[in-house]
Amino acid sequence: MSEADSPTPHHFRDLLHAQRVWDIELPSFDPASTPADPVPLFHAWFAGAVAAGQAEPHTMSLATVDAEGLPDVRTLMLHDADERGWHFATHATSAKGRQLAARPYAALGFYWPARGRQVRVRGPVARCTPAESHADLHARSTGALAAALTGAQSEVVGSVAELHRAADAAWDRARAEPDAVAPTWTRYVVEPAEVEFFQGDARRRHIRLRYRRQEGGGWARELLWP
């Protein structure tokens, strides 16, 4: 079946209900043995997802709020996770960049089905320095630089042909000028107020451990009902 040949609603529901999750042996998770800070646990879970063969474990959902207070979400790549928080980058002039400028708060979601695990992060968002943003872009591939130099992200493009022409020109420039500047490219960091780790269980005894930042520093750890 090609993408143009959509299933009927009945067949779609049959296809949907036939899908299964976690037809694998899931790891155990003892919340009593977790570190005091969520970042080392995130690093360990990320490494576990990579070792399990999870495709694109560095992708995540980023949720923001628009000017009308309505939620928005998209998938993008994680650039780092350190003592400051979870890092990503985009154009400040993009839809998400404008939303973050108006309401600098976001949520992140990671899903690693190869381990039956999710991680959720919520908190305020800070812009990194121009120097950090420039270094972030030029630490990546030629393709990433070309993408950053192509068009005006989130704006309307007239046709696929126009997109291809702009992309080809951007690739040529990225190859010729590997240190080219993309003025609106900005690195952001989500400074976590809450981080939740979810371990799935085949018998639905899912374990949810939430880290919640306390006033004055440190983290409270709480188990949540699934």
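Residues numbered from 1 in each chain as written. Predicted model: local features only at pLDDT ≥ 70, side-chain atom pairs only at ≥ 80, totals over all residues. Heavy atoms only, no water.

Q: Teacher, can you tell me more about the layout of surface pockets here?
A: Over the atoms, a rolling probe the size of a water molecule traces out where space has been left empty. By volume, the largest pocket is sized at about 280 Å³. Elements represented by at least two residues in the lining of the largest pocket include exactly strand S2 (71-77), strand S4 (86-91) and helix H5 (142-148). Among the elements that line the lining of the largest pocket, the one with the most residues is S2, at 4 residues. Considering only residue class, the lining of the largest pocket consists of 7 nonpolar, 6 polar and 3 charged. (1 Å grid on protein atoms, 1.4 Å probe; cavity = no way out; pocket = protein on both sides within 12 Å on 5 of 7 lines; lining within 4 Å. Points joined across faces, edges and corners; volume = space filled by probe spheres on them. Helix = DSSP H or I, 4+ residues; strand = E, 2+ residues; numbered from the N terminus. Nonpolar A, V, L, I, M, F, W, Y, C, P; charged D, E, K, R; others polar.)

Q: Would you mind going over the pairing of strand S6 (residues 117-127) with me for this structure?
A: Walk down a regular strand and you will see the side chains alternate between the two sheet faces. Bridge count between strand S5 (residues 105-112) and S6: 8 bridges; the pairing is antiparallel. By the bridge assignment for S6, Gly 109 is matched with Arg 120. Taken together, S5 and the strand that follows it, S6, pair antiparallel across an intervening segment of 4 residues, in which Gly 116 is found at a positive phi of about 65 degrees. Pairing of S6 with strand S8 (residues 194-199) involves 6 bridges; the strand directions are antiparallel. In the sheet register, Arg 120 faces S8, and the bridge partner there is Glu 196. The sheet contact formed by S6 and strand S7 (residues 185-190) spans 3 bridges and is antiparallel. Bridged to Ala 126 within S7 is Val 189. (Pairing = 2+ DSSP bridges.)

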